[in-house]
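Structure at a glance
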Amino acid sequence: MEKTFVIIKPGMVQRGLIGEVIKRFEQKGLRLAGMKMTLLNDEILTQHYAHLKDKPFFGQIKQSMCACPVILCCWEGVEAVQVVRNMTGSTNSRSAVPGTIRGDFGMSVQENIIHSSDSTEAAIEEINRFFLPEELYDYSMNLSAYLYADDEL
Ligand code: UDP
Ligand code: MG
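Residue numbers here run from 1 along each chain, matching the order of that chain's written sequence. The order in which chains are written sets their letters, starting at A; the order in which ligands are written sets their numbers, starting at 1. Residues qualify for local features only when their pLDDT is at least 70, as the model is predicted, and side-chain atom pairs are given and counted only at 80 or more; totals for whole chains, interfaces and linings, by contrast, use all residues. Only heavy atoms go into the side-chain values, all of them from the structure, while hydrogens and water stay out.

1. Some thoughts on the site of ligand 1
Note the following rule: Nearness is judged by heavy atoms alone; a residue qualifies as near a molecule or strand once a single heavy atom is within 4 Å of it. Residues adjacent in sequence count toward polar contacts only when both atoms are side-chain atoms; beyond that, a polar contact is any pair of N or O atoms within 3.5 Å, and within protein one must be able to donate a hydrogen and the other to accept it. Here the open area of atoms and residues is found with the Shrake-Rupley method and a 1.4 Å probe, where only the protein chains shown may cover a residue. Residues are called lining when one of their atoms sits within 4 Å of a cavity or pocket point, these points coming from a 1 Å grid over the protein atoms alone, where a cavity is a set in which a 1.4 Å probe fits but cannot get out and a pocket is an open set with protein on both sides within 12 Å along at least five of seven lines. Molecule-in-pocket calls rest on the fraction of atoms, with more than half required to lie within 2 Å of the cavity or pocket grid points. Residue classes follow a fixed rule: Ala, Val, Leu, Ile, Met, Phe, Trp, Tyr, Cys and Pro count as nonpolar, while Asp, Glu, Lys and Arg count as charged, and any other residue, Gly among them, counts as polar.
In the vicinity of ligand 1, the contacting residues are Lys 9, Tyr 49, His 51, Leu 52, Phe 57, Ile 61, Arg 85, Thr 91, Arg 102, Val 109, Gln 110 and Asn 112. Take Asn 112: an N or O atom from its side chain is 2.8 Å from an oxygen atom of ligand 1. Expressed as a share of its isolated accessible area of 500 Å², the protein-covered part of ligand 1 is 80%. Here ligand 1 is seated within the largest pocket. The class makeup of the residues in the shell around ligand 1 is five nonpolar, four polar and three charged.

Right under this line is the structure:
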């Protein structure tokens, strides 16, 4: 089954809203495969945001992401990357659709609540970057029959 990667950004840790994000993915039916708290550093953020290295805000976004510890999570489900991306909402929280996480919790482009992988290739790369294999768990929740039809699995 597909896995995707999420960072609950410093702003949500500071605001005491970590649980609100986790709750949404749990209630959607995604399985939490791994989760940890960490303080990101410039080196790993330079890799993570490599696609933005020529943007004027590159230094600023990296600084904001290491302002305090963040929560890293790996979620699993059928088409998990697209499902989580849809739930995340557009980059600008002010124009993100209500009902999405950014649309419901944010007012900013930079301080936009969470990161989520934007493709299956990016998800694999990001999970490998931020998690060791032994930090991901393959436990069963025996819920598949209630969450999916047989031909969706
Ligand atoms: N960002 C920013 N200013 C911009 C565009 C992006 O500060 O004009 C930040 C924002 O926090 C965003 C992150 O850089 O989440 C990564 O940008 P990306 O284009 O990958 O957006 P995302 O995939 O997070 O929606
Ligand atoms: Mg992105």
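2. Focus on the environment of Phe 58
To keep it simple, the criterion reads: A run of H or I in DSSP counts as a helix once it spans at least four residues, and a run of E counts as a strand once it spans at least two, with each numbered from the N terminus. Residue burial is assigned from relative accessible area. The probe radius is 1.4 Å, only protein chains are included, and a residue is buried under 20% of its type maximum, exposed over 50%, and partly exposed in between. Here, two residues are considered to be in contact whenever any of their heavy atoms come within 4.5 Å of each other.
Looking at the element boundaries, Phe 58 is found in helix H4 (residues 58–65). Classification of Phe 58 by relative accessible area gives buried; the value is 12%. Taking the C-alpha atoms as reference, Phe 58 lies 9.7 Å from Leu 45; in sequence the two are 13 residues apart. Setting aside residues no more than four positions away along its own chain, Phe 58 makes contact with Thr 46, Tyr 49, Leu 52 and Lys 53.

3. Overview of the side chain of Ser 93
Structurally, the position occupied by Ser 93 is in the loop between helix H5 (80–88) and helix H6 (101–105). Of the residues examined, Ser 93 reaches a relative accessible area of 2% and is grouped as buried.

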